[in-house]
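# Observations on chain architecture
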Amino acid sequence: MIPAAFEYFAPATVDEALGLLREHSDAKVLAGGQSLMPALRLRLAAPEVIVDIQKIDDLRGVRDDGDALVIGAMTPHSTVESDPLVAEHARLIALATATVGDPQIRHRGTFGGSLAHADPAADLPAVAVALEASFVIAGADGRRTVPAAEFFEGVFSTALGEDELLVEVRVPKYTGWGAHYEKFNRVAQGWSIVSVAAAVRLDGDSIAEARVGLGNMGPTPIRATAVEAALVGQPATADAVREAAARAADGTSPVTDINGDADYRRHLATVLTRRAVLAAAGTA
Amino acid sequence: MTATEERPAAEIGASRRRKEDARLITGRTRWTDNIVLPGLQHIAMVRSPFAHARITSIDTEAAKASTGVVAVITGADIADEQGALPNAWAVIPDQKAPVHLSMAVDHVAFAGEIVAMVVARTAAEANDAADLVDVDYEELEPALELKAAARDEVIAHPDLGTNVSAVWSYDSAESGTGGDVEAAIAAARDGGIVIEQEFRQQRLIPAFMEPRSIVVDPTTEQMTVWSSTQVPHFVKIFIALVLGIPESKIRVIAPDVGGGFGGKLQFTPEEVLTVIAARRTGKPCKYTESRSESLMAAHHGRDQWQQLTLAANADGTVTGLKVELIADMGAYLGLVTSAIPLLGAFMYNGIYKFPAYHLGITNVFTNKTWTDAYRGAGRPEATYAIERLMDELAARVGVDALEIRERNWIKHEEFPFSTVSGLRYDSGNYEAATAKARELFGYDDLRAEQRKRRESGDPVQLGIGVSTFTEMCGLAPSRWLGSMGYVGGGWEHAAVRMLPTGKVEVVTGTSPHGQGHETAWSQLVADRLGVAFEDVEVLHGDTQVAVRGLDTYGSRSLAVGGMAVLAAADKVIEKAKPIAAQLLEANADDLDFSGGRYGVRGTDAGMTMAELAFAVFQGHKLDGSAEGCLDADATLDPDDFSFPHGTHLCAVEVDTETGASKIRSYVCVDDVGVVVNPMIVEGQVHGGLAQGIAQALYEEAVHDDSGTLVTGSFDQYTLPGAPDLPSFEAARTETPATTNQLGVKGVGEAGTIASTPAVVNAIVDALRPLGVTDVPMPCTPYRVWTAIQEGSRS
Ligand SMILES: Cc1cc2nc3c(=O)[nH]c(=O)nc-3n(C[C@H](O)[C@H](O)[C@H](O)COP(=O)(O)OP(=O)(O)OC[C@H]3O[C@@H](n4cnc5c(N)ncnc54)[C@H](O)[C@@H]3O)c2cc1C
């Protein structure tokens, strides 16, 4: 289908973009378009104004900022996937990004767009929550920083205001941590039915710290804190990890759809958590 | 001069690269939606969001006032003009069918039915205005669940009074082709084996790559229609019949067509309406469906319940098979909707010698998109049922799945074999295909690995799936079609023309949409006429060029259309003989035709076809005793069907913790008779396997309780991609068919037919020790996992 008519702006700076968003009440930000364009074409979304932020070069790229990595909102998935800083300090992000859609989608779609879109079945939100990333948001009153745990508010809903822009995401460094992203889907290009993002720091043979995020186990990504706590101090053995992973579904509220009911998803969460943590420990 | 003698090998059997590939792969070709004509107008359809409703009013004022709009047309506007869409197959004389309007007037029977259309200057303007058409509906309760619909619990078409369109049956005792099934079942209950099982053939969407598109140019001389269709000849006839336009004033062109799989074997509402829009406005019009419309409104496939009873002796010799089918027609009867179950009716006995057979079919309407042909059409359903049952029988008897088949199949020395369903299989060698498949697959090693995994309680279990099949191909002898209630015939037409420059023009009535006829037909003619492959041009898909034809479906093109091409080429050779005799001043009896040349036996004198063609073009030396033309037409009606067969073996790893199934290896040995182009055959098999595997694992059209298609985009309607499929090992045996001059059989549907049961058998085989005896298709991880949970409880 063909989208309904809209007015189109392509600002070159963040300030210009923010001005346009303030000026037009029914405006939508266009990043890589991999979620917004289908919605426009199906006429599920019909904003009067599109603010295309592709031309804002400041929003693209990954940089080292002391104890954190900073990933620009407009950095395409394909860049994140192969970025050496990400590989060194936040490998979990690279692993998850590599499972997004297919190469075409990863060349167009962006890191920030994926997070701002907040699809419960998306891959990056669970990673952002697990890694305690923080979201830098620009608005009329300057910039504010929102922790991942507070950024995701519901299905397709975030802490972003209508006239705000996600500019970058700060990720603490996980240098030397093991990481694994376990995505369970029906076909290689499909969205996840359930996904588990795990990062583990070992101290000798035992787990010193663990981060576990669950995707599609509720309206927002979920941090499996019970699992994390149970893992700390345990040996990275199949039995110990299995016992900790059994708590993965605690406090989750997954949907029932054609790919599975809530019980099945809860079961998957425990199996995938066990596999993700063991695999992460194996790479540490 | 073309150096025929230097050609090292015969064309038939050569893996020629397809002539079509460069343009199809690069897209540098003409698809219907690429066509732009001066003054072209664009159409957008307004479709019902409800599965079942009465239209109480339609307000078109706002749409008419919208920018660029030329016309807004409702069903009431064209009530006198639109006629009714045809169904071409009455499986019984008093088959019931609702009137099928291209555009609903006051009643809609499925979500996606067209209720209005907008004609505008641009596609965007048409879309905008379509959103402004305000339709009021009074919702009616939809008939959705097939079994309930068969019981008439909710009626899909109130004025029809029932959902049952037709009831048809075949009984081997009544037909004299075998014994009495009930007696066989009764006997088996006493010391033998009776297996009762129900299978669901889920609803599928053909999902061709190129959405349907139509362009109509209405001039006073001619109505030219471009359509992305498999059947331009059908479309021409039906436009004439439905809209009252003289057939001689209609030209239908199927340019390059991006796939069909049966989904474009149809005469569509969209075709009728685009012609009406063009005729009314007097200007060319284009309609191209969106992907969402395509998934919702182009006909669907499969959708049956199969109730089966298999009777066997204790040693696993089958004594009888009883089948009761309920088939979902959806909301209307398309061209051959009602006959899809019938096309499978003769195949439930597969490659086996069953002594007794009964089949009953109930065709039922529901408030869903109408169904019709989808790759395999009836035969995949039949093959699935019997091949799943043979595995269950093997499990009951406690023998290997291949062994149980061997105990029951027709041995190669028993051909020709008259089957219990009344067909005559002319040839086959199931032993050879199976032996080859078994070896390529490493059957025994995989069985050993399977045992090991079972013993160690590996969470990833290995299953081995067996499937054998045969299918009736080469649709079809006209007299057979007539006897079954089809209005058309099954012949095919071809023409071969010798051009003055030595090139050859071949015209075929088949209408390829990805199959590579241009290449294969060139190979046929190059060999037969002794000309170079490159010198042959194949024309098709334009009713003004290929004036006679019945198009492409049912694995018929080579076995029927290709044989018509050969018959025409033979006539050319015949016609050339007296001319050659005259020009060479020889007696016709002393001429031999070989290597593309008529030579005078025992001398060096002779003329090539190219030389003869030029001499005929000049006419200078012809004495008038023979017609001065080498061109020939041929119409060929096949004597009988052809019966390809094969053995497919599939190894699947099932993760019992998650329910995920992964195909580890897939070997098939198909016997499609003589092979013209092995690469094309392999391509057809690979694509067929992908689609058959997709039915087993991925695809299903799902509707919600209100009849809305949940799987209305490729996001939800799961199609596998290359990463999801294994690297296939496709091999062949070659037992020539005896029903056509070349011994070819047909390959378009083979992979689809055989692969679905191979995959599901493998999954069930992996899980049988866990108490699983069936998994409904598609075998999603969720369903497999659920089956494991239920198995462990039972
Ligand atoms: C076929 C297909 C398969 C896919 N598969 C997957 C998958 O497996 N896993 C997965 O995670 N994703 C998948 N995606 C989605 C993909 O990851 C997209 O990149 C992502 O959803 C959106 O990113 P985008 O840059 O394209 O954003 P857009 O589509 O341009 O925007 C998405 C939304 O976010 C808003 N937005 C974007 N950027 C900003 C910003 N900087 N500030 C404020 N608001 C903003 C937009 O206004 C819009 O509402 C798939 C997409 C497609 C088409």
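Residues numbered from 1 in each chain as written. Chains lettered and ligands numbered in written order. Predicted model: local features only at pLDDT ≥ 70, side-chain atom pairs only at ≥ 80, totals over all residues. Heavy atoms only, no water.

### Overview of the interface of chain B and chain A
- Of the residues lining the interface, 28 residues belong to chain B; the matching set on chain A comes to 21 residues.
- Summing the contributions of chain B and of chain A, the shared interface buries around 2,100 Å²; its carbon and sulfur component is 57%.
- At the junction of chain B and chain A, the tally comes to 5 salt bridges.
- Between Arg275(A) and Glu657(B) there is a salt bridge, and its shortest N-O distance comes to 2.7 Å.
- On inspection of chain B and its partner chain A, the count reaches 14 residue pairs in polar contact (both at pLDDT 80 or more).
- Residue assignment for the side of chain B that touches chain A shows that the elements contributing at least two residues are helix H3 (123-132) and helix H21 (781-793) of chain B.
- Ranked by residues supplied to the side of chain B that touches chain A, first place goes to H3(B) with 5 residues.
- Grouping the amino acids of the side of chain B that touches chain A by side-chain chemistry returns 13 nonpolar, 8 polar and 7 charged. (Contact = heavy atoms within 4.5 Å. Buried area = accessible area lost by both parts, 1.4 Å probe. Salt bridge = Lys/Arg side-chain N within 4 Å of Asp/Glu carboxyl O. Polar contact = N/O pair within 3.5 Å; in protein donor to acceptor, adjacent residues only side chain to side chain. Helix = DSSP H or I, 4+ residues; strand = E, 2+ residues; numbered from the N terminus. Nonpolar A, V, L, I, M, F, W, Y, C, P; charged D, E, K, R; others polar.)

### Remarks on the UniProt feature "domain: Aldehyde oxidase/xanthine dehydrogenase a/b hammerhead" (unreviewed entry) in chain B
- Listed under "domain: Aldehyde oxidase/xanthine dehydrogenase a/b hammerhead" (unreviewed entry) in the UniProt record, and renumbered for this structure, are residues 26-141 of chain B.
- Across residues 26-141 of chain B, helical content stands at 14% and strand content at 30%; the span's end C-alpha atoms are separated by 48 Å. (UniProt positions renumbered as here; feature names shortened; annotations may be inferred.)

### Comments concerning the sheet that holds strand E4 (residues 107-108) of chain B
Residue and element names in this part refer to chain B.
- The sheet built from 3 strands is open, its strands ordered E4-E2-E6 with antiparallel pairing. In this open sheet, the two strands that pair with only one neighbour each are E4 and strand E6 (134-139).
- In terms of strand pairing, strand E2 (residues 53-59) meets E4 through 2 bridges, oriented antiparallel. Bridge pairing in E4 links Ala 53 to Val 108. (Pairing = 2+ DSSP bridges.)

### Points about the environment of Val171(A)
Residue and element names in this part refer to chain A.
- Along the chain, the position of Val 171 falls in strand E10 (residues 165-172).
- In this structure Val 171 comes out as buried when scored by relative accessible area, which is 1%.
- Distance in space between the C-alpha atoms of Val 171 and Gly 32 is 21 Å, their sequence separation being 139 residues. (Buried < 20%, exposed > 50% of the residue type's maximum accessible area, 1.4 Å probe, protein only.)

### Digging into the domain arrangement of chain B
Residue and element names in this part refer to chain B.
- Considered domain by domain, chain B is made up of domain 1 (2-27 + 491-636) and domain 2 (426-472 + 641-794).
- Of note, the centres of domain 1 and domain 2, computed from C-alpha atoms alone, are 40 Å apart.
- Contacts between the two partners involve 24 residues from domain 1 and, on the opposite side, 19 residues from domain 2.
- Note on domain 1 versus domain 2: buried area summed over both sides is about 1,500 Å², and carbon and sulfur give 60% of it.
- Taken together, domain 1 and domain 2 are joined by 0 salt bridges.
- For the interface between domain 1 and domain 2, the tally reads 8 residue pairs in polar contact (both at pLDDT 80 or more).
- Within the residue set of the side of domain 1 that touches domain 2, elements represented by two or more residues are helix H16 (517-529) and helix H17 (557-584).
- Per element, the largest residue contribution to the side of domain 1 that touches domain 2 is 6 residues, and it comes from H17. (Domains from an automatic or database assignment.)

### Describing the nonpolar core
- Counting residues in each nonpolar core, the largest one holds 135 residues, and the members touching the most others are Trp89(B), Trp168(B), Ile239(B), Tyr348(B), Tyr666(B) and Ile763(B).
- With 46 residues, the next largest nonpolar core counts Met498(B), Ala520(B), Val572(B) and Ala615(B) among its residues. (Core = buried A, V, L, I, M, F, W, Y, C linked by side-chain atoms within 4.5 Å.)

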